[in-house]
Amino acid sequence: MTPYTQRVIEIIRSIPEGKVMTYGQVSRLAGSPRGARQVVRILHAMSKKYKLPWHRVVNAKGEIAIADDEGAELQSFLLQSEGIELIEDRLISLERYQAHMEENT
């Protein structure tokens, strides 16, 4: 596992319940400002193995970015179960729910 991948996993694990982060935000904190797509790949490949709270990561607009309906519905359900209110089932207010962490988190 690369140091970048390890850092991404640590950051995602540290997102508090009831908060979200964006793919780009995770990537920046992990040391790669343009690596949002790599965060997507890491989540896809390692969420189950490392028990990551994958549902707490959304796109830069605060939207659930999963294309298939079943996955999007699951993410929506998990976020709502943590007290996050969604707008039209796919949009999260980043102003209200975005976690803000320092680079040394």
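Residues numbered from 1 in each chain as written. Predicted model: local features only at pLDDT ≥ 70, side-chain atom pairs only at ≥ 80, totals over all residues. Heavy atoms only, no water.

Visitor: Describe the pattern of salt bridges, and please don't skip the residues or the numbers.
Guide: Under the counting rule described, the total for this entry stands at three salt bridges. Between Glu10 and Arg7 there is a salt bridge, with the nearest N and O atoms lying 3.4 Å from each other. Note that Glu10 and Arg7 are positioned in helix H1 (residues 3–13) at a spacing of three residues, about one turn of the helix. Judged by relative accessible area, which is 38%, Glu10 ranks as partly exposed. Accessibility expressed as a relative area gives 17% for Arg7, which makes it buried. (Salt bridge = Lys/Arg side-chain N within 4 Å of Asp/Glu carboxyl O. Helix = DSSP H or I, 4+ residues; strand = E, 2+ residues; numbered from the N terminus. Buried < 20%, exposed > 50% of the residue type's maximum accessible area, 1.4 Å probe, protein only.)

Visitor: I'd love a proper account of the nonpolar core, names of residues and values included.
Guide: Within the largest apolar cluster, 18 residues are counted, with the highest numbers of intra-cluster contacts made by Val8, Ile12, Met21, Val26, Val39 and Leu43. For this core, the secondary structure elements donating two or more residues are H1, helix H2 (23–29) and helix H3 (36–46). The leading source of residues in this core is H1, at five residues. Not counting chain neighbours up to four residues away, the residues in contact with Val26 comprise Val8, Ile11, Ile12, Met21 and Val39. Counting 10 residues, the second-largest nonpolar core is a separate cluster that includes Ala72, Ile84, Leu86 and Leu94. (Core = buried A, V, L, I, M, F, W, Y, C linked by side-chain atoms within 4.5 Å. Contact = heavy atoms within 4.5 Å.)

Visitor: Kindly report on the environment of Ala72, identifying the contributing residues and their values.
Guide: Structurally, Ala72 is set in helix H4 (residues 69–81). The buried category is assigned to Ala72, whose relative accessible area is 5%. Sequence-wise, Ala72 and Asp89 are 17 residues apart; in three dimensions their C-alpha atoms are separated by 8.8 Å. In this view, Ala72 contacts Ile64, Ile66 and Arg90; residues no more than four positions away in its chain are not counted.

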